[in-house]
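Observations on chain architecture
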Amino acid sequence: MNYKYIGKTGLRVTDICLGTMTFGTTTSKEEAFKIMDKAYDSGINFLDTAEIYPVPPTSDLGGLTESIVGEWLKTKPRDSVILATKVAGAASGWFVPPTRHGLTAIDSFHIKRAIEGSLKRLQTDYVDLYQMHWPDTVVPIEESLKAFDELVKEGKVRYIGTSNDSAYGLTKANETSKYNNLARFESIQNNFSLLNPRFLDELSTVCKKEQISLLPYSPIAGGVLSGKYNSGFYPEGARFSIYMANKNKRVQAMANRFVNDKTIEATARYLDLAKKYNINPVTLAVAWSKQHDFVASTIIGARKLEQLDASLEALNISLNNEILEEIQKIQKEILYPMG
């Protein structure tokens, strides 16, 4: 088992983290317990959740995932699990979350309301890593960081991080923390995969220079890199099959971002590459993600227990230079499949 530290923290995590966003909807509580047990028994010590989970987020189901994780957490020694969760991003952002009646902000009030709710549902008195789910375009980052810093001082949160942020946003927050002597974002959780390598453009430099860790989510591009969408149709019950049937235009747009002509073409190339080297395509995708030096832990997910195996196989795999060069060639020939 390989361990890495998140940022400049004392959080020593396995290089694979278990994501939980489907727990409570497409994954039942019983199945979720099996998935968490298997990950834990395999040595995984890091779990990630959020107050708006499960996805797609709804007002009646928000917080259910945390409740399931909290119930499971009571069956394990608390200090054996590094637990991360998130405060819902601002309603001024990329979509209006149903949390707190769609009035969310990354201000002192909402941050403190959110952590109290999360601690109660998770049945714990502290969270190891507390993350801003996405930035606030209205509230100054100084106010947000002061509120997070108070949670650290109170012992409710050990460290803080951001998510779905930009190079400017991360740098601005980091410098604000330095200037005001506040707890800083030790991690950033962004989408990063073979189909979406944009993090390499600028954000990776910020992370390496400032010793901030990336916690990549969706390393298999929402299941697209498994090849399930490369048969010319949307498989029944698959995530983006469900999203395409959703009446919400934002949800449909997300499906189109992940499943389009360029992602299908690139995936076909990766499927051939995986076959050439006798590696499961899911294992290949997860291994590629976790192998970057600025990555502390790659967040995997599974709706069903059997889906976990291929991702866990990446724990003991290191891709050689020959494979990495072939991946770079594909990425140069098919630029940014997800836009």
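From a predicted model like this one, the values you see are computed outputs, not experimental measurements. Along each chain, numbering runs from 1 in the same order as the chain's sequence is written. Under the rules for a predicted model, residues below a pLDDT of 70 receive no local features and side-chain atom pairs below 80 are neither given nor counted, while totals for whole chains, interfaces and linings still include all residues. The side-chain quantities take in all heavy atoms of the structure and omit both hydrogens and water.

1. A short note on the sheet that holds strand 6 (residues 127-132)
Paired strands are those between which DSSP finds at least two bridges. Each helix is a run of DSSP H or I of at least 4 residues and each strand a run of E of at least 2, with the numbering of both proceeding from the N terminus. Taken in spatial order, the eight strands make up an open sheet running 9-8-7-6-5-4-3-10, and their pairing is parallel. The sheet is open, and its two borders are formed by strand 9 (213-214) and strand 10 (298-300), each paired with just one other strand. With four bridges connecting them, strand 5 (residues 82-87) and strand 6 associate as parallel partners. The residue of strand 6 that forms the bridge with T85 is Y130. Any two residues whose heavy atoms approach within 4.5 Å at even a single point are treated as in contact. Here the axes come from fitting lines to C-alpha atoms, over the contacting stretch only for helices, and the angles between their N-to-C directions go from 0 to 180 degrees. Against the sheet, helix 4 (residues 141-154) engages strand 5, strand 6, strand 7 (157-163) and strand 8 (185-189), with an angle of about 150 degrees to strand 7.

2. Examining helix 3 (residues 108-122)
An ideal rise of 1.5 Å per residue puts 21 Å on 15 residues; helix 3 measures up with 21 Å between its terminal C-alpha atoms. Residues H110, I111, A114, I115, G117, S118, L119 and L122 constitute the buried set of helix 3. Tucked into the core, helix 3 has its buried residues touching helix 2 (64-73), strand 5, strand 6, helix 4 and strand 7. The positive-phi residue at the C-terminal boundary of helix 3 is Q123, with phi of around 55 degrees. Any helix carries an expected span of 1.5 Å times its number of residues minus one. Relative accessibility thresholds used throughout: buried, under 20% of the residue-type maximum; exposed, over 50%; partly exposed, between the two (1.4 Å probe, protein chains only).

3. Some points on the environment of A296
If you trace the backbone, A296 turns up in the loop between helix 10 (281-290) and strand 10. For the pair A296 and S213, spaced 83 residues apart in sequence, the C-alpha to C-alpha distance is 5.6 Å. With near-sequence residues (within four places) excluded, A296 lies in contact with K4, Y5, I6, V13, T14, D15, S213, L214 and L215.

4. What to know about the packing of aromatic side chains
Pairing of aromatic rings covers Phe, Tyr and the six-membered ring of Trp, with a centre-to-centre limit of 6.5 Å; geometry is then stacked below 30 degrees between planes, edge-to-face above 60, and tilted otherwise. All chains considered together, the criterion is met by 14 aromatic pairs. With 6.1 Å between their ring centres and 75 degrees between their planes, Y229 and Y234 make a pair best called edge-to-face. Among the residues examined, Y229 registers a relative accessible area of 4% and is labelled buried. What makes Y234 partly exposed here is its relative accessible area of 36%. By the ring-pair criterion, three or more aromatic residues cluster together here, those being Y229, Y234, F240, Y243 and F258. By definition, being over a ring means that NZ of Lys or CZ of Arg is both within 6 Å of the ring centre and within 35 degrees of the ring normal. Directly above the ring of Y3 sits R12, whose terminal nitrogen or CZ lies 4.0 Å from the centroid. Over the ring of F95 we find R250, and its NZ or CZ is 4.0 Å from the ring centre.

This is a description of form; function is not addressed.
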